[in-house]
Amino acid sequence: MRYMVVPGRLGLVDVIDRATGLPVNAGVTAVLLEPREARELVRWLLRRAHAEGDDAGERSSRAA
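Owing to the predicted nature of the structure, the values given are computational and were not obtained by experimental measurement. (Residues numbered from 1 in each chain as written. Predicted model: local features only at pLDDT ≥ 70, side-chain atom pairs only at ≥ 80, totals over all residues. Heavy atoms only, no water.)

(A) View of the environment of Arg9. Counting through the fold element by element, Arg9 comes out in the loop between strand 1 (3–7) and strand 2 (13–17). Take Arg9: its relative accessible area is 59%, and that puts it in the exposed class. C-alpha separation for the pair Arg9 and Leu33, spaced 24 residues apart in sequence, amounts to 9.6 Å. (Helix = DSSP H or I, 4+ residues; strand = E, 2+ residues; numbered from the N terminus. Buried < 20%, exposed > 50% of the residue type's maximum accessible area, 1.4 Å probe, protein only.)

Okay, here's the thing in structure tokens:
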């Protein structure tokens, strides 16, 4: 999967782009999220990539 949810501080999580190793750059906060928020962000990112015709995230999620 292109995006991964990793433990952050204070029991919260971060959404990281595996391609860069940095928090995702999606115009929204991708660090210190509740786990539910992080899962929703990843789903949104994958839907956005699919809608834009970039299925790289989907391909890599199938390979995982």
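We are not done yet, so read on.
(B) Structural context of the pattern of salt bridges. Counting across every chain of the model gives two salt bridges. The partner of Arg2 in a salt bridge is Asp17, with the nearest N and O atoms 2.9 Å apart. With Arg2 in the segment before strand 1 and Asp17 in strand 2, the pair connects residues that are 15 residues apart, well separated along the chain. For Arg2, a relative accessible area of 27% translates into the label partly exposed. (Salt bridge = Lys/Arg side-chain N within 4 Å of Asp/Glu carboxyl O.)

(C) Layout of the side chain of Asp17. For Asp17, a relative accessible area of 8% corresponds to the buried category. Within the structure, Asp17 has its side chain in polar contact with the backbone nitrogen of Ala19 (distance 2.9 Å). When near neighbours in sequence (up to four residues on either side) are disregarded, Asp17 contacts Arg2, Tyr3, Leu22 and Val24. (Polar contact = N/O pair within 3.5 Å; in protein donor to acceptor, adjacent residues only side chain to side chain. Contact = heavy atoms within 4.5 Å.)

(D) The layout of surface pockets, seen in detail. Of the volumes computed, that of the largest pocket is approximately 170 Å³. Lining of the largest pocket is provided by 14 residues; of these, Arg2, Tyr3, Asp17, Asn25 and Arg48 occupy positions nearest its centre. Examining the composition of the lining of the largest pocket, we find that three residues originate from one element, helix 1 (residues 35–51), more than from any other. Residue composition of the lining of the largest pocket, grouped by class: seven nonpolar, two polar and five charged. (1 Å grid on protein atoms, 1.4 Å probe; cavity = no way out; pocket = protein on both sides within 12 Å on 5 of 7 lines; lining within 4 Å. Points joined across faces, edges and corners; volume = space filled by probe spheres on them. Nonpolar A, V, L, I, M, F, W, Y, C, P; charged D, E, K, R; others polar.)

(E) Up close: the sheet that holds strand 3 (residues 22–23). Within the open sheet, the three strands sit side by side as 1-2-3. Their pairing is antiparallel. Since the sheet does not close on itself, it has two edges, and those belong to strand 1 and strand 3, each with one partner. Along the sheet, helix 1 contacts strand 1 and strand 2; its crossing angle with strand 2, the most-contacted strand, is approximately 20°. (Pairing = 2+ DSSP bridges. Axes fitted to C-alpha atoms, helices over the stretch in contact; angles between N-to-C directions.)

(F) Representation of unusual backbone geometry in the model. A positive phi angle, close to 60°, is found at Leu10, a residue other than glycine. Of note, Leu10 is situated in the loop between strand 1 and strand 2. Positive phi, close to 55°, is recorded for Leu32, a residue that is not glycine. In this fold, Leu32 is placed in the loop between strand 3 and helix 1. With a relative accessible area of 32%, Leu32 lands in the partly exposed category.

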